[in-house]
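Topology and contacts: notes
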Amino acid sequence: EQDDEFMQKLTRTIEKHLSNSEFGVNDLCQEMAMSRSVLYEKVRKAMDTTPNYLITSIRMQHAKAKLEEGNTSVAEV
C-alpha cells in the first residue's frame, strides 16, 4: 500500500514536469524530498526499474498518446 502511494506521487510529480525537457533525476529527488540513493532504491524495489528510465517511459507514454490523438505532429511532441 505504501509502495502504491509512493508510485502515485512519483508519477504525478513526473507528469507535472513533462513540459520541462531538462527535468531529471536530481530534480525528481528535490521534488520528492529524498536523496538520490533512497529514491533509486525505492523505485527499484517498487517497479524494478531506475528513476531515469521511469521518467523517460512516462514521457514516451504521453508522447504516444498525443500522437494517437492525431492533433499534434511528431515535431510538436
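The coordinates are above.
Along each chain, residue indices are assigned from 1 in the same order as the chain's sequence is written. Predicted model: local features are reported for residues with pLDDT of at least 70 only, side-chain atom pairs are reported and counted for 80 or more only, and whole-chain, interface and lining totals are derived from all residues. In computing side-chain values, all of the structure's heavy atoms are included and hydrogens and water are not.

**A look at the overall build of the protein chain**
What counts, and what does not: By the criteria applied, helices consist of DSSP H or I runs no shorter than four residues and strands consist of E runs no shorter than two, each listed in order from the N terminus. Throughout this description, buried means an accessible area under 20% of the type-specific maximum (1.4 Å probe, protein chains only), exposed means over 50%, and partly exposed covers the range between. Should any heavy atoms of two residues lie within 4.5 Å, those residues are considered in contact. Residue burial considers only the protein chains on display, and all accessible areas are found by Shrake-Rupley using a 1.4 Å probe.
Counting secondary structure elements, the protein chain contains four helices and zero strands. Overall, the protein chain shows an N-to-C arrangement of helices and strands of α-α-α-α. Among the 77 residues that make up the protein chain, the fraction classed as buried is 26%. Taking all contacts inside the protein chain whose residues are at least 6 apart in sequence as the whole, residues at least 24 apart take part in 46%. Approximately 5600 Å² of the protein chain is accessible, and the part contributed by carbon and sulfur atoms is 46%.

**Concerning a negative patch on the surface**
Filter applied, for reference: Think of a patch as exposed residues, more than 30% relative accessible area, with no salt bridge, where like charges cluster within 9 Å and nonpolar side chains (Val, Leu, Ile, Met, Phe, Trp, Tyr) cluster within 5 Å. Only one rule defines a salt bridge in this text: a Lys or Arg side-chain nitrogen within 4 Å of an Asp or Glu carboxyl oxygen. Charged residues are defined narrowly, with Lys and Arg counted positive, Asp and Glu counted negative, and His plus the chain ends left uncounted. A charge is said to be at NZ when it belongs to Lys, at CZ for Arg, at CG for Asp and at CD for Glu.
The grouping of Glu1, Asp3, Asp4 and Glu5 at the surface amounts to a negative patch. Checked against the element boundaries, glutamate 5 lands in helix α1 (residues 2–16). Given the relative accessible area of 49%, glutamate 5 is considered partly exposed.

**Topic: helix α4 (residues 51–69)**
Let me state the cut-off plainly: Expected span of a helix: the number of residues minus one, times 1.5 Å.
For α4, with 19 residues, the first-to-last C-alpha span of 27 Å sits near the 27 Å given by 1.5 Å per residue. The elements touched by buried residues of α4 are α1, α2 (25–32) and α3 (36–47). Glycine 70 sits one or two positions beyond α4 and adopts a positive phi of about 85°.

**Details of unusual backbone geometry**
A positive phi angle, near 55°, is found at alanine 33, a position not held by glycine. Within the secondary structure, alanine 33 sits in the loop between α2 and α3. Phi is positive for aspartate 48, which is not a glycine, with a value near 55°. Relative to the helices and strands, aspartate 48 resides in the loop between α3 and α4.

**What to know about α2**
The following threshold applies: It is the directions from the helix axis to the C-beta atoms that the arc portrays.
Considered for burial, the residues of α2 that qualify are Val25, Leu28, Cys29 and Met32. The buried residues of α2 occupy an angular sector of 105° when projected down its axis, which confines them to one face. Counted as exposed and oriented over 90 degrees from the buried face of α2: Asn26 and Gln30. The secondary structure elements touched by the buried residues of α2 are α1, α3 and α4.

By themselves these figures say nothing about function.
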